[in-house]
Amino acid sequence: MTEAIFLSAGVPDPKRGPQYAATADSVAITAAVSALVHVTLGRRLLVWGGQPAITPMIWVVSQDIGINYGHWVRLYQSRHFKDEYPEDNERFNNVVYTDEIEKDREKSLLAMRERMFSEHKFKAAVFIGGMGGIVQEYEMFRRLQPDATVIPVVSTGGATLEVGAQVEPLSPDLVEDRDYVALFHRHLDVSVREERFESPTLQPDVVEKRFWQPPATA
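A. Highlighting the pattern of salt bridges. If you walk through the whole model with that rule in mind, you get 11 salt bridges. A salt bridge links Asp99 to Arg79; the nearest nitrogen and oxygen atoms lie 3.1 Å apart. Within this pair, whereas Asp99 is found in the loop between strand S4 (95-98) and helix H4 (105-118), its partner Arg79 is found in the loop between strand S3 (73-78) and S4, the two being separated by 20 residues in sequence. Two residues, Arg186 and Asp173, come together in a salt bridge whose shortest N-O distance is 2.9 Å. Taken together, the positions of Arg186 in helix H8 (residues 180-187) and Asp173 in helix H7 (residues 173-176) put the pair 13 residues apart, joining distant regions of the chain.

So this is what it looks like as structure tokens:
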């Protein structure tokens, strides 16, 4: 089974979370999400909850890379938000819809996150921008996936600042480095030599066998 990476990200809404919007850098959030997809697609399974502002970003980068994203991403979405689904949901062939619980937003989100964190073994979780839900996902992830690495990209601001304050030791580059592609290659231990595969079933278990090799000469 390929290693999974969890993405918890969001662009803070100034009306719903002014305290998070005040520190968030929307350009950095977009750049970091795009970089994460660039590094992982075709190499690691990427899992995220259906944050409306993030799903379209992932779709755009997936199309640019030209890999069948359907094999490499898992989008979880609660039916509580069925009237708010972005159109991009339909483009992902593997959306996992979780049940609405008592027509309650928080209970429905809790059920979705518990299922999301229980159905995969994660190597790492990446936190980018966001509001209060980012902190809730961090706390649940730590409880259900205690062996996984936590990567709060503090330079994106928002609620990820609160996550970063709870991570010790916090690597300085998560605060300072805006070269997000290089940053994720380092922190996720994904070599730039790794090729992208059409599906996880075609990816060799041994990492070294995934590396690009020059064509054999006659």
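B. Structural context of helix H3 (residues 55-65). Turning to H3, its buried residues number three or more, namely Thr55, Met57, Ile58, Trp59, Val61 and Ser62. Lining the buried residues of H3 we find strand S1 (4-10), helix H2 (26-40), strand S2 (45-49) and S3. One or two steps after H3, the chain reaches Gly66, where phi turns positive at roughly 85 degrees.

C. Spotlight on helix H5 (residues 132-144). The end-to-end C-alpha separation of H5 is 19 Å, in line with the 18 Å expected for 13 residues at 1.5 Å each. Among the residues making up H5, those that are buried are Ile134, Val135, Glu137, Tyr138, Met140 and Phe141. Looking at the buried side of H5, the elements it contacts are S1, H4, strand S5 (122-129), strand S6 (149-153) and helix H6 (160-166).

D. A look at the sheet that holds S1. Judged by pairing direction, the sheet is parallel, and its 6 strands sit side by side in the order S4-S3-S2-S1-S5-S6 without closing on themselves. A single partner strand is all that each edge strand has here, and the edge strands are S4 and S6. When strand polarity is set aside, the average angle formed by the axes of neighbouring strands in this sheet is 20 degrees. In this structure, S1 lies alongside S2, joined through 4 bridges in parallel fashion. The residue bridging Leu7 from the neighbouring strand is Trp48, located in S2. Against the sheet, H4 contacts S1, S2, S3, S4 and S5, and its axis sits at roughly 155 degrees relative to S3.

E. Spatial organisation of the packing of H4 against H5. Axis separation between H4 and H5 bottoms out at 10 Å; the angle between their running directions is 40 degrees. With respect to H5, the axis of H4 lies oblique. Crossing geometry of H4 relative to H5 is assigned as right-handed. Contacts between H4 and H5 involve Glu106, Leu110, Arg113, Glu114, Met116, Phe117 and Ser118 on the former and, on the latter, Gly133, Gln136, Glu137, Met140, Phe141 and Leu144. Looking at the contact of H4 with H5, its residues break down into 6 nonpolar, 3 polar and 4 charged.

F. Up close: the side chain of Asp173. On the basis of relative accessible area, Asp173 is assigned to the buried category, the value being 15%. A polar contact is formed between the side chain of Asp173 and the side chain of His187, at a distance of 3.0 Å.

G. Up close: unusual backbone geometry. With an omega of -10 degrees, the peptide bond between Glu168 and Pro169 qualifies as cis. Here Pro169 is to be found in the loop between H6 and H7. For Lys103, which is not glycine, the phi dihedral falls at a positive 55 degrees. Among the structural elements, Lys103 can be located in the loop between S4 and H4.

Parameters at a glance
- Residues numbered from 1 in each chain as written.
- Predicted model: local features only at pLDDT ≥ 70, side-chain atom pairs only at ≥ 80, totals over all residues.
- Heavy atoms only, no water.
- Salt bridge = Lys/Arg side-chain N within 4 Å of Asp/Glu carboxyl O.
- Helix = DSSP H or I, 4+ residues; strand = E, 2+ residues; numbered from the N terminus.
- Buried < 20%, exposed > 50% of the residue type's maximum accessible area, 1.4 Å probe, protein only.
- Contact = heavy atoms within 4.5 Å.
- Expected span 1.5 Å × (residues − 1).
- Pairing = 2+ DSSP bridges.
- Axes fitted to C-alpha atoms, helices over the stretch in contact; angles between N-to-C directions.
- Parallel < 35°, antiparallel > 145°, perpendicular 65-115°, else oblique.
- Left-handed = near helix turned anticlockwise from the far one by under 90°.
- Nonpolar A, V, L, I, M, F, W, Y, C, P; charged D, E, K, R; others polar.
- Polar contact = N/O pair within 3.5 Å; in protein donor to acceptor, adjacent residues only side chain to side chain.

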